[in-house]
Every structure is written in C-alpha cells, then in structure tokens.
Amino acid sequence: MSGSPGQWNLLPRDIVRERARRQRRALWARAGGAYVAVLATVCAAAWTHTRHGPGSARAHATTLAERNAVTRAAIDHVRRQLASVSDVLDHRQGLAEQPDFSVVLKLVSASVEPDTIIRQVSLRGGGTDTLRSVAAPAGSEREPKHFVLTIAGTSRGEIGVSQMSARLKESGAFDHVEIRRTGRENTPAAEGVTFEVECVMSDAVARGALPAPATLRPKGDTQ
Amino acid sequence: MTGWWRTISRIGVELDGRRVRAAQFQTSCGVSVVHAVAEVLLPADSDGQRSAELIAGVLSRRGFLGTELCVGVPVGVLQSDLVEVPAGAADSPSDGLREMFAKATRRTPDDLEVGFWRGVEGASAAFAVALSHDEARRLVYPLRDAGLDVAAIGCAGSALAEVVTRLEVHPGEVTGVVRFGWDHNHFVLLRGGDVLYQRSMDTPGFEIALDTHEAATRRATSALADEIASTLDCVPRTFPGVTLERVFLSGLLAERDHLAEMLRKRLVHFDVACLDGFAPAGSRFDVAAGLALAEVGP
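Residues numbered from 1 in each chain as written. Chains lettered and ligands numbered in written order. Predicted model: local features only at pLDDT ≥ 70, side-chain atom pairs only at ≥ 80, totals over all residues.

### A short note on the overall build of chain A
Step number 1: Counting its secondary structure elements, chain A contains 6 helices and 4 strands.
Step number 2: Listed N to C, the secondary structure of chain A is α-α-α-β-α-β-α-β-β-α in terms of helices and strands.
Step number 3: Residue burial in chain A is summarised as follows: out of 223 residues, 18% are buried.
Step number 4: Across chain A, every contact between residues at least 6 apart in sequence was considered, and the portion connecting residues at least 24 apart equals 69%. (Helix = DSSP H or I, 4+ residues; strand = E, 2+ residues; numbered from the N terminus. Buried ≥ 20, exposed ≤ 12 C-beta atoms within 10 Å, placed from the backbone. Contact = placed C-beta atoms within 7 Å.)

Written as structure tokens, this is what we have:
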C-alpha cells in the first residue's frame, strides 16, 4: 500500500506471487488453446482447399471424362444389341404377317361359273412399275409389295369369263383385275374359250383387306 | 474481467462483523453502474470455512460474475497509526514502517504488509496501516477453498476514499466520513483519494438502531457526536492548514433521517449529509463499492 489509492494491497506477498503464477499458467493455457484452435482452423482450411481446389477440379474432370467414355461404350454396346434384336423382331414379324392366301383360293373358287374349268392358278410376288405405283403410296419407307394372281382355264363361253372377272373385281380383294387373254378351243366333245385372268393384289390388301370367304356373293348373283 | 463492450469489476466484499456486503459494477463508456449487490448475515456460530462457503453460495446465486474478490478487512484487525515520515524521505518507506509495526506487534517485519497515505503535501505525518500475514491467511484460505479468488485486501478507509473520488463530491477538499458498522462505527478523514486518518470509535454500531427508545437513541447519538467532534478537533493540530467543512454519513444508519438530523444539530459547524452515490445499492454498500471499483496494486 502506498500513497495512492490505486496502489494499495494488503495481501501477503507470497500469495500475490502464487496468484501471479496461477494467472500466468491460465494465460498460457488460454494462449495455447487459442494457438491450437487457430492451427486447427488453418489445417482444416488447407485440407478443404486441397480437396476442393483447382488441382482437385482437374482430377475430378478427368475422372468424369473417363466415366463418360465408359458410359458411351456401354451405350454403343446396348445400341448394337438393340439393333440386332430389332432385326430379329422385324424378321419374325414379317414371317408372322404373311397373307393367308387360302382365302384367295376360296375367293377364286367362289367366283368361278359351273361351266368354267380352272387349269392353272399361280401367285407370284413383285410386279411392274405400274403395279408398284398402284400398290404403294409415294413416300412410303417400306419397299412396296404386290402379288400377282394369274388364273388360266377354259370356259364354255366368254360370258363365264367375264362374269368371273366381274366377281373378282367386286370382291374388293384385288386392286386390279384384267382379262389378259382369251381364245377359242375346239375339242371333239365341245367348243370352249380359254382364258387367262391376271389379278393384282397389293401387300396392304393382302395383309388386311382380304374379305372373308363367307362375305362373298353366291355364284350366279351378278348384282 | 473485461469484455469488448463493457468492463466487469471485481467483487468488492466488506467484512463487517457478522454482516458481509458484496457489490460488483459494470463500466461502459466510463460510466459505472451497479451490476449486483448482496448482503449476508452470517450465523453466530459459523466458523471461517462455513462462512466462506455461505458467501460463495450467495455470490453465485445473486448473479455476480467471476470469482475475483477485493476484500475489505474490519478496522479492528488492522494496526494503524499516524507516523512521522520526513518530507524528504523515500517515496516508499515501507521497510521502516514494517519494522515499526513489527516492533509494536512483536512480529518479524516479513510477517506484515504495510501501507501508508501521505495525504498532505509537505506534512511530516502520514497515515499507515499494517496487516499481519496470519490474519490475512485466516481470511484468504477459507475463501480460496470455497472457490473464490482473493485478488486484494483493502480497508474501509481506502474504499471510502475511492468512493469519494469517484463521486467527485467537492474534489480536493478534506472530507470526514462517519461509517456506521455492525459492531463498531469508525471515522475516516479523507482528502481526495487519500486517507488522512482513520479510527474506530467506541460507540456501538447497530445497537443504536436496535434501541427504539428515543432517549436512548439520543444519548447514543450524543456520545457519537461528541466523539466525532473530539476527533475533528485534532485535525488542525495534526494537519496544519487543513480545514474540515463537510462530514458524510455512510453505512447502516446513514439513511435514518432522524439520526442525521440529530448529528446535524450537534455538529453545527459542519455540513452533514448522507454519502449515497450508488443508487439503488444504498449507502451501506459504499465500502463494498469502493473495494470493487478500486485499482489495487500488485
């Protein structure tokens, strides 16, 4: 204690010294704690920068590019498999969608007059340009297909040939019916007319528009 | 204990017999306001350790911050005297004072802590106090064991000097303060922040308040006024050129109007007023406030 009110203290000196030592220890402990905290913060910031910095971005981009290449290869492989499966599917669908030509035969049979004899029936695919233009609309992606049915035989007269041709036309199963040839045929038993009728049927008609045999008109009904 | 926006003072603790008063302040922009106050009445049969634990518990519950204390010892524990210190002597004649008090108390000089105030420039008289280490340890160790940290030990005179300085009531003037305590009353003569003189008076302290009989109170007050007057008579002889005009009342009974009025009638030559600068703490916390706000040495 001295002459100034700011200087007095009657605390024993050894207690003052002990207290000062304790305060110094506490101060150093706080300073050490603060230093450790700052150090930890700096290390954390450096670690974060290393992990998310520019170098890391490049490595990350490289990794992404590699992953992208692998993904593209996988996509190409899947596309090839898809194309192969699509071809197989088209092939099988083509087989499944073949026209039922028995219906055509029944139609021809129903259209023939009793005095008419069918000697030959042939069916072939493809056709001329004229037929293609009739069978396939312009701009169609698919190759236009058509079928040509050729009926050859003998009839008692030309009326029978005409009636058969008319019935085939009226059936709606053919796009085009034409009598290609007629001629006289005299035999010892009787005389007749040979004929050859060509019926063109488009692929679409063959697949879906063939009339059921039951819907055909009965023989002799020319209406 | 400091924060960036405010400063929290130490906890000033006044030991006044069975009464213990504590105060703590927070200072912001140079203005100190009361942060917390508490008054504890210790049990009559309480020993030092139990009292310390009781004080620590009260401080914790009443919102005091920190554990750093500045304790004011009772005047009766201190040895104090007006000593002759030549004007040309060293600024810190502590060794000589320590030897003087050691001889008077039959101790070695290393067993004492001393201090003095050279209150009047050029005067040879200085007021000195001494506290034995045994008394200090008897005070400090129980508080330390209770989790409190005693940073400084002061006395009522130094605390009241701090209060008068802080309140800037008539700065530079010589001021007398009558402190009403639990066991004893004492008188402190101050000049600015220095203690010119301090003595414990023989008149009882709290007994004046307990005695409700007006005649008894009047007799006790008259005895107190006589003692104060006799003390004040010594001032011109001890400190030549010093004139005392103002006497403040502080402590338990300072706020009793009738007591102040009686003293005012007896001390007609002085301006008697209540020292109450730390509302709402009240005048009885003056010493605790001075201990809390004082800047103590190492």
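### With respect to the confidence of the model for chain A
Residue and element names in this part refer to chain A.
Step number 1: Summing up the model confidence of chain A, the mean pLDDT is 79 and the portion of residues at 70 or higher is 77%.
Step number 2: Across chain A, helix H1 (residues 13-52) holds the top mean pLDDT of 90, while helix H4 (residues 129-135) sits lowest at 41.
Step number 3: Overall, residues 1-6 carries pLDDT values under 50, and its contacts beyond four positions in sequence, including any with other chains, amount to 24 contacts.
Step number 4: This stretch, residues 127-141, has a pLDDT under 50; its non-local contacts, to residues over four places away or in other chains, come to 18 contacts. (pLDDT = per-residue confidence, 0-100.)

### Topic: the confidence of the model for chain B
Step number 1: When the pLDDT values of chain B are averaged, the result is 81; 84% of them are 70 or greater.
Step number 2: Scoring of the predicted complex yields 0.61 for pTM and 0.83 for ipTM.

### Considering the packing of helix H4 (residues 156-167) of chain B against helix H8 (residues 286-293) of chain B
Any two packed helices are characterised by how steeply their axes cross, that is the angle between the axes, and by the distance between the axes.
Residues and elements named next belong to chain B.
Step number 1: The geometry of H4 relative to H8 is characterised by a closest axis approach of 7 Å and an angle of 80° between their N-to-C directions. One way to sum up the angle between H4 and H8 is to call them roughly perpendicular. Contact with H4, carried on its side by Ala156, Ala159, Leu160, Glu162, Val163 and Arg166, involves Asp286, Val287, Ala289, Gly290, Leu291 and Leu293 of H8 and no other residues of that element.
Step number 2: Residues that form the contact of H4 with H8 fall into these classes: 8 nonpolar, 1 polar and 3 charged. (Axes fitted to C-alpha atoms, helices over the stretch in contact; angles between N-to-C directions. Parallel < 35°, antiparallel > 145°, perpendicular 65-115°, else oblique. Nonpolar A, V, L, I, M, F, W, Y, C, P; charged D, E, K, R; others polar.)

### Points about the pairing of strand S2 (residues 146-155) of chain A
Residues and elements named next belong to chain A.
Step number 1: The pairing of strand S1 (residues 116-125) with S2 spans 9 bridges and is antiparallel. Paired with Ile117 across the bridge in S2 is Thr154.
Step number 2: In terms of strand pairing, S2 meets strand S4 (residues 191-202) through 10 bridges, oriented antiparallel. When the sheet's bridge partners are listed, Thr150 is paired in S4 with Glu198. (Pairing = 2+ DSSP bridges.)

### Quick notes on the nonpolar core
Step number 1: Counting 83 residues, the largest nonpolar core has B:Ala22 and B:Leu160 as the members making the most contacts within it.
Step number 2: Counting residues in each nonpolar core, the second largest holds 18 residues, with A:Ile151, A:Val161, A:Leu168 and A:Cys199 among its members. (Core = buried A, V, L, I, M, F, W, Y, C linked by C-beta atoms within 7 Å.)

### Some thoughts on the sheet that holds strand S6 (residues 79-84) of chain B
Strand pairing in a sheet relies on backbone hydrogen bonds. The paired strands run either parallel or antiparallel.
Residues and elements named next belong to chain B.
Step number 1: Strand order in the open sheet formed by 3 strands is S6-S8-S7, and the pairing between neighbours is antiparallel. Edge positions in the open sheet fall to S6 and strand S7 (112-117), since each of these has one partner strand only. Strand after strand, the sheet turns through a mean of 25° between neighbouring axes, direction not considered.
Step number 2: Of the pairings in the sheet, the one linking S7 to strand S8 (residues 125-132) comprises 6 bridges and is antiparallel in character. What sits directly across from Leu112, in S8, is Ser132.
Step number 3: Helix H2 (residues 94-105) contacts S6, S7 and S8 of the sheet and is inclined by roughly 120° relative to S7.
Step number 4: Contacts from helix H3 (residues 133-145) reach S7 and S8 within the one sheet, and its direction differs from that of S8 by about 60°.

### A look at the pairing of strand S11 (residues 184-191) of chain B
All names here are of chain B.
Step number 1: With 7 of 8 residues buried, S11 lies mostly within the body of the structure.
Step number 2: Sheet topology places strand S10 (residues 174-180) next to S11; 7 bridges connect them, and they run antiparallel. Following the sheet pairing, Arg179 is matched in S11 by His186.
Step number 3: Count of turn residues in the S10/S11 antiparallel hairpin: 3 residues.

### Quick notes on unusual backbone geometry
Note: most peptide bonds trans; most residues except glycine with negative phi.
Step number 1: Even without glycine at this site, B:Arg106 takes up a positive phi of about 60°.
Step number 2: Summarising the element assignment, B:Arg106 is placed in the loop between H2 and S7.

### A closer look at the packing of helix H1 (residues 48-61) of chain B against H3(B)
All names here are of chain B.
Step number 1: The geometry of H1 relative to H3 is characterised by a closest axis approach of 8 Å and an angle of 55° between their N-to-C directions. Accordingly, the angle class assigned to the pair H1 and H3 is oblique. Crossing geometry of H1 relative to H3 is assigned as right-handed. Touching Gly48, Gln49 and Ala52 of H1 are Arg138, Pro142, Leu143 and Asp145, all from H3.
Step number 2: Looking at the contact of H1 with H3 residue by residue, the class counts come to 3 nonpolar, 2 polar and 2 charged. (Left-handed = near helix turned anticlockwise from the far one by under 90°.)

### Comments concerning H3(B)
Step number 1: When the terminal C-alpha atoms of H3(B) are compared, their 17 Å separation across 13 residues agrees well with the 18 Å that a helix rising 1.5 Å per residue should span.
Step number 2: By the burial criterion, the buried members of H3(B) are B:His133, B:Glu135, B:Ala136, B:Leu139, B:Val140, B:Pro142 and B:Leu143.
Step number 3: Buried residues along H3(B) sit against H1 of chain A together with H1, strand S5 (68-73), S7, S8 and strand S9 (149-155) of chain B.
Step number 4: Positioned one or two residues after H3(B), B:Gly147 has a phi angle of 95°, which is positive. (Expected span 1.5 Å × (residues − 1).)

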